[in-house]
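A closer look at the structure
Residues per chain, in single letters:
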Amino acid sequence: MEKYQFDPHATSSDDVLTTRLDRLVDFFRKRGVNWARKNSLWPMPFATACCGIELMATGASRYDLARFGAEVMRFSPRQSDLLICAGRVAIKMMPVLQRIYKQMCEPKWVISMGACASTGGVFDTYAVVQGIDQFMPVDIYVPGCPPRPETLIEGIMAIQRIVDVEGIKASGERGKGLGLVAEPRYQVAVAGEGSE
Amino acid sequence: MASSVTIVEKLRSEFGDLWFDPQSLVTGGLRDAGQVFVKIAPEPLPDVMRYLRDDPGMRFEQLCDLTCVDYLNFPGATDRYGVIYSLLSLTHNHRFWLKCFVNDPEPIVPSMTPIWPGAEWMEREVFDMFGVVFEGHPDLRRILTWDGFEAHPLRKDYPLRGKGERTDFSVTRRDSA
Ligand code: SF4
């Protein structure tokens, strides 16, 4: 009998699960918590500007963030584990954002969504933070002005990969940064290429 | 409804010793909509404003806006800060504008909060952005920029990117949060 390998990314062709109970228990001991956690990310939407509209579109029916288990927008940082900073952050707003980050329980991850949150964007003025990563940790930068929902979903999937690979650690160990490179697992198809 | 010209005439008959120097609000050859502003010094401002609010022919109950312009390097300007009052009478449906010019080093204007309480936050904004001090204001603090900010950013000689305020800030790290 083949050694059973549980594939959380299983497609519909192999969605029948036959295994011995002890192996399933073994799998969940080793990877189960991270697998469950990455498929139930609860975002804290910190939408300060136009990017927030795209964040709402991502959560709405057309793009349906529920497919990734991340549709439960929590408006309390105590209940969320993914901070999505969508929009420009004024310097006066930065302590608020930092406090929200501090109020979130470990483990927690941060997405910096859009050009403004990541770099300040076109708002190179005295009042706007030139990239929130100057003042707080960021795991994933989502590019665009605003990013399309697909781009944000790719960012959330990158967070899922981080959760899957890196998983839960004691907060003391997370101080060094994750050191992961977030790249899509699939090859992006370009029109006119790879037709064979 | 009184036209701007009538209002200026009434003001002149009431405060004869003040030369209000009325000018058209619209400049640059555009259509003149009969809108006029008058210049006024800080000292007679409270009396004139109280008259504008209380006189039965004026009745400017509403201070629509209170803002400021920095006329540094402006062609033909003689004074630096122009504090602008935009008035509306709900009774008579007429509008009127006043500009009060002040200069460095002590740009001080009497506060309008005893006359229109709604002036409070607008005066705080002008103080925050231009550094014009409103004498008699109950609570003259910054309103838009953060505590500890020193400058007045809408002054024309303030650089767009600030003077290093953006980097001078506490950092939250992974292990400190
Ligand atoms: S990146 Fe673009 S869309 Fe997003 S907040 Fe900035 S200006 Fe708005």
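All figures in this text were calculated on a predicted structure; none of them were measured in a lab.

**Notes on the interface of chain B and chain A**
Of the residues lining the interface, 22 residues belong to chain B; the matching set on chain A comes to 24 residues. Regarding the contact of chain B and chain A, the summed buried area is about 2000 Å², with carbon and sulfur atoms giving 58% of it. Of all residues in chain B, Arg-166, Thr-172 and Arg-174 of chain B give up the largest surface area on contact with chain A, accounting jointly for 43% of the area buried on that side. As a salt-bridge pair, Asp-124 of chain A and Arg-161 of chain B come within 2.7 Å of each other at their nearest N and O atoms. Inspection of the chain B/chain A interface yields 6 residue pairs in polar contact (both at pLDDT 80 or more). Split by residue class, the side of chain B that touches chain A holds 11 nonpolar, 5 polar and 6 charged.

**A closer look at the site of the ligand**
With respect to spatial proximity, the complete set of residues near the ligand consists of Ala-49, Cys-50, Cys-51, Gly-87, Arg-88, Gly-114, Ala-115, Cys-116, Phe-123, Gly-144, Cys-145 and Pro-146 of chain A. By residue number, the principal contributor to the shell around the ligand is helix α4 (residues 114-119) of chain A, which donates 3 residues.

**Thoughts on the packing of helix α2 (residues 51-59) of chain A against helix α5 (residues 149-165) of chain A**
Residue and element names in this part refer to chain A. Running from N to C, α2 and α5 cross one another at 75 degrees; their axes reach a closest spacing of 9 Å. In terms of their interaxial angle, α2 and α5 are classed as roughly perpendicular. Of α5, the residues touching α2 (which contributes Glu-54, Leu-55, Ala-57 and Thr-58) are Pro-149, Leu-152 and Ile-153. Of the residues in the contact of α2 with α5, the class split is 5 nonpolar, 1 polar and 1 charged.

**Details of unusual backbone geometry**
Residue Cys-145 of chain A is joined to Pro-146 of chain A through a cis peptide bond whose omega torsion reads -10 degrees. Take Pro-146 of chain A: it is sitting in the loop between β4 (140-142) and α5. Asp-104 of chain B connects to Pro-105 of chain B through a cis peptide bond whose omega is 0 degrees. For Pro-105 of chain B, the position within the fold is in the loop between β5 (94-102) and β6 (108-110).

**Quick word on the pattern of salt bridges**
Residue and element names in this part refer to chain B. The tally for this structure, following the rule as stated, stands at 11 salt bridges over all chains. Where Asp-54 meets Arg-53, a salt bridge forms, and the shortest distance between an N and an O atom there is 2.9 Å. Of the charged contacts, one joins Arg-141 and Asp-139 as a salt bridge, the two residues approaching to 3.0 Å between their closest N and O atoms. Of the residues examined, Asp-139 reaches a relative accessible area of 26% and is grouped as partly exposed.

**Here we look at empty space enclosed by the protein**
All names here are of chain A. Counted by the stated rule, this structure contains 2 cavities of 30 Å³ or more. Space inside the largest cavity adds up to approximately 60 Å³. Around the largest cavity, the lining residues are Ala-49, Cys-50, Cys-51, Gly-87, Arg-88, Gly-114, Ala-115, Cys-116, Gly-144, Cys-145 and Pro-146. In terms of residue count, the dominant contributor to the lining of the largest cavity is α4 (3 residues). Residues of the lining of the largest cavity, tallied by class, amount to 7 nonpolar, 3 polar and 1 charged.

Parameters and conventions
- Residues numbered from 1 in each chain as written.
- Chains lettered and ligands numbered in written order.
- Predicted model: local features only at pLDDT ≥ 70, side-chain atom pairs only at ≥ 80, totals over all residues.
- Heavy atoms only, no water.
- Contact = heavy atoms within 4.5 Å.
- Buried area = accessible area lost by both parts, 1.4 Å probe.
- Salt bridge = Lys/Arg side-chain N within 4 Å of Asp/Glu carboxyl O.
- Polar contact = N/O pair within 3.5 Å; in protein donor to acceptor, adjacent residues only side chain to side chain.
- Nonpolar A, V, L, I, M, F, W, Y, C, P; charged D, E, K, R; others polar.
- Near = heavy atom within 4 Å.
- Helix = DSSP H or I, 4+ residues; strand = E, 2+ residues; numbered from the N terminus.
- Axes fitted to C-alpha atoms, helices over the stretch in contact; angles between N-to-C directions.
- Parallel < 35°, antiparallel > 145°, perpendicular 65-115°, else oblique.
- Buried < 20%, exposed > 50% of the residue type's maximum accessible area, 1.4 Å probe, protein only.
- 1 Å grid on protein atoms, 1.4 Å probe; cavity = no way out; pocket = protein on both sides within 12 Å on 5 of 7 lines; lining within 4 Å.
- Points joined across faces, edges and corners; volume = space filled by probe spheres on them.

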